[in-house]
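Structural features, examined
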Amino acid sequence: MNKVALYCRPGFEKECAAEIVAKAAELEVHGFPRVKENSGYVLFECYQFEDADKLVRTLKFNELIFARQIMVVGELLRHLPQEDRVSPIVGMLTGVIENAGDLRVEAPDTNEGKELLKFCRKLTVPLRAALRKSGILLSYESDKRPVIHVFFIASGCCYVGYSYSNNNSPFYMGIPRLKFPSAAPSRSTLKLEEAFHVFIPADEWEERLGSGMQAVDLGACPGGWTYQLVQHSMMVHAVDNGEMAQSLMDTGQVTHHRVDGFKFEPVRNNNSWVVCDMVEKPARIAQLMADWVVKGWCREAIFNLKLPMKKRYEEVCQNLELLRSQLKENGINGEIHAKQLYHDREEVTVHVRRIWSAVPGRRDERD
Ligand SMILES: C[S@@+](CC[C@H](N)C(=O)[O-])C[C@H]1O[C@@H](n2cnc3c(N)ncnc32)[C@H](O)[C@@H]1O
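Since this is a predicted model, take the numbers as computed values, not measurements.

Definitions and limits used
Residues numbered from 1 in each chain as written. Predicted model: local features only at pLDDT ≥ 70, side-chain atom pairs only at ≥ 80, totals over all residues. Heavy atoms only, no water. Helix = DSSP H or I, 4+ residues; strand = E, 2+ residues; numbered from the N terminus. Buried < 20%, exposed > 50% of the residue type's maximum accessible area, 1.4 Å probe, protein only. Contact = heavy atoms within 4.5 Å. Lys, Arg positive; Asp, Glu negative; His and termini not counted. Charge placed at Lys NZ, Arg CZ, Asp CG, Glu CD. Salt bridge = Lys/Arg side-chain N within 4 Å of Asp/Glu carboxyl O. Pairing = 2+ DSSP bridges. Axes fitted to C-alpha atoms, helices over the stretch in contact; angles between N-to-C directions. Near = heavy atom within 4 Å. Polar contact = N/O pair within 3.5 Å; in protein donor to acceptor, adjacent residues only side chain to side chain. Areas by Shrake-Rupley, 256 points an atom, 1.4 Å probe, with all protein chains shown as cover. Nonpolar A, V, L, I, M, F, W, Y, C, P; charged D, E, K, R; others polar. Parallel < 35°, antiparallel > 145°, perpendicular 65-115°, else oblique. Left-handed = near helix turned anticlockwise from the far one by under 90°. Domains from an automatic or database assignment. Buried area = accessible area lost by both parts, 1.4 Å probe. Phe/Tyr/Trp six-rings, centres within 6.5 Å; stacked < 30°, edge-to-face > 60°.

Overview of the overall build of the protein chain
Secondary structure summary: the protein chain contains 10 helices and 14 strands in total. The 367 residues of the protein chain split such that 54% are buried. A separation threshold of at least 6 residues defines the contact pool for the protein chain, and within that pool the share at least 24 residues apart is 66%. Across the protein chain, the mean location of the 47 positive side-chain charges is 2 Å away from that of the 49 negative side-chain charges.

Given below as structure tokens:
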């Protein structure tokens, strides 16, 4: 199998392709992307046969911005016979992988893809049984073994391959299924909830999203993101000239500041979090967030970068580079990750975490 398949938001195939080409080249893997606009996926065909596995194993999935999932796949299986769709798929995986821990029969996140999902669900049961019988799939689910992906792009037409469970998205189709909380004042609440799932490991939630922490929400109204922080029992400074939902103000956990988010300064340096959803030029937001982290006003930040119409990958890279260089210049050891989340549209979400400060005289609040 010499191809890498990546799922992405439909309409962002070019960005996903530009990113895989650039990141593969850094690992000295060369190949070419196959892009079909609005298809919801990209293929990267490696010149060297074994490079597809190398990429999927070593290219850090959490450093990819536009990919929702990454996997090794073989040639497209076409015209699967209606009477037996299972055998060609099993044949494709025989000798390639054994004792996989999970099976996902998937389709692109497009309208056509949605129509295939019913069939995908139907095929999963007999396919799972056959894969178990042949030793390709373990007889029990394991999140420590590779995942088998069968990716239908049209009726009777699929790619078959695998991803590594320690370097993939744990979600079916790369999409976390979140339920809109009816008490939240806006749907964008799901963006911050998804960001927490993607950027903060579940076993660190208590420590990093814990009760009684202080948080600042810049561009907070009507309060979808503040709602998430309140749900985590945080005390929130909500900064926005608009109206905050009364239900949030009634919790007693929210202080509303009707001021410009670019001018707001916290009174104390005790904020665990700043989150920012202001609709502004990405470079202005990146600079503002760099300032917050450099000044030690927060330990972690989550914010959106709205994307321009063109050169979207380049724009994201420039802004991430700005953040990286400012942290470096100021002796801040930080982690920066960016992802186009399922709930993001023309934007990506960035997470910055200050690990420790190397600036003489500045002490981490936790010291
Ligand atoms: C996309 S909405 C935020 C939605 C919010 N995150 C939620 O979940 O409900 C953007 C908000 O940013 C606010 N905003 C834009 N520029 C701002 C600024 N310079 N200072 C403060 N708020 C600003 C707007 O008033 C608007 O309420």
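As for the pattern of salt bridges
Inspection of the entire model under this criterion finds 20 salt bridges. Between Arg208 and Glu300 there is a salt bridge whose closest N-O contact spans 2.8 Å. With Arg208 in helix α6 (residues 205-208) and Glu300 in strand β12 (residues 298-306), this pair connects stretches of sequence that are 92 residues apart. The buried category is assigned to Arg208, whose relative accessible area is 6%.

Some details on the sheet that holds strand β3 (residues 41-46)
Where strands meet in a sheet, backbone hydrogen bonds hold them as pairs that are either parallel or antiparallel. Across the sheet, which stays open at both edges, the seven strands sit in the order β2-β3-β1-β4-β7-β6-β5 with mixed pairing between neighbours. A strand with exactly one partner marks an edge of an open sheet, and here the two such strands are β2 (31-35) and β5 (102-106). With strand direction ignored, the average angle separating the axes of adjacent strands in the sheet is 30 degrees. Taken together, the two bridges between strand β4 (residues 69-73) and strand β7 (residues 157-163) define a ladder with antiparallel strand orientation. Looking across to β7, one finds that Val73 is bridged to Gly161. Its contacts with the sheet place helix α3 (residues 86-93) against β6 (147-154) and β7, and it is angled at close to 35 degrees to β7. Across the sheet, helix α4 (residues 111-133) is in contact with β5 and β6; its angle to β5 comes to roughly 150 degrees.

As for the environment of Val293
Structurally, Val293 can be placed in helix α9 (residues 282-294). The class for Val293 is buried, based on a relative accessible area of 1%. Once the C-alpha coordinates of Val293 and Leu27 are considered, the two residues, 266 residues apart in sequence, prove to be 30 Å apart. Ignoring anything within four residues of it in the chain, the contact list for Val293 reads Cys298, Leu327, Ile332, Val352 and Arg354.

Overview of the site of the ligand
Around the ligand sit 16 residues in total, of which Ser188, Gly224, Asp240, Gly261 and Asp277 are the nearest. At a separation of 3.1 Å, an oxygen atom of the ligand approaches a polar backbone atom of Gly223. With respect to the ligand, the backbone of Gly224 contributes an N or O atom lying 2.8 Å from an oxygen atom. Protein burial of the ligand: of its 610 Å² of free accessible surface, 74% is covered by the chains. For the shell around the ligand, a count of residues per class yields seven nonpolar, six polar and three charged.

Things to note about the packing of α3 against α4
Look at α3 against α4: their axes get within 10 Å of each other, and the N-to-C directions meet at 45 degrees. Between α3 and α4, the angle falls in the class oblique. Handedness of the crossing formed by α3 with α4: right-handed. On α4, the residues that touch Val86, Ile89, Val90 and Leu93 of α3 are Leu123, Pro126, Leu127, Ala130 and Leu131. Its residues assigned to classes, the contact of α3 with α4 shows nine nonpolar, no polar and no charged.

Here we look at the domain arrangement of the protein chain
Domain boundaries assigned for the protein chain yield domain 1 (3-174) and domain 2 (189-354). Placing a centre on the C-alpha atoms of domain 1 and another on those of domain 2 gives a separation of 32 Å. Counting residues at the interface gives 16 residues for domain 1, matched by 14 residues for domain 2. Between domain 1 and domain 2, a total of about 1400 Å² is buried, with carbon and sulfur atoms accounting for 55% of that surface. The largest contributions to the domain 1 side of the interface with domain 2 come from Arg9, Phe12 and Ile65, which together make up 42% of the buried area.

What about the environment of Tyr164?
Positionally, Tyr164 belongs in the loop between β7 and α5 (189-199). Since its relative accessible area comes to 18%, Tyr164 is described here as buried. Sequence spacing of Tyr164 and Asn271 is 107 residues, and the spatial spacing of their C-alpha atoms is 36 Å. When near neighbours in sequence (up to four residues on either side) are disregarded, Tyr164 contacts Asp53, Val56, Arg57 and Pro146. Side chain to side chain, Tyr164 and Asp53 meet in a polar contact 2.6 Å long.

A word on the packing of aromatic side chains
Tallying each qualifying case throughout the model produces 11 aromatic pairs. Pairing Phe119 with Phe152 gives two aromatic rings, centres 5.1 Å apart and planes at 85 degrees, and the pair type is edge-to-face. You can see Phe119 sitting in helix α4 and its partner Phe152 sitting in strand β6, a full 33 residues away along the chain. The class of Phe119 is partly exposed, set by a relative accessible area of 23%. The exposure class assigned to Phe152 is buried, which follows from its relative accessible area of 0%.

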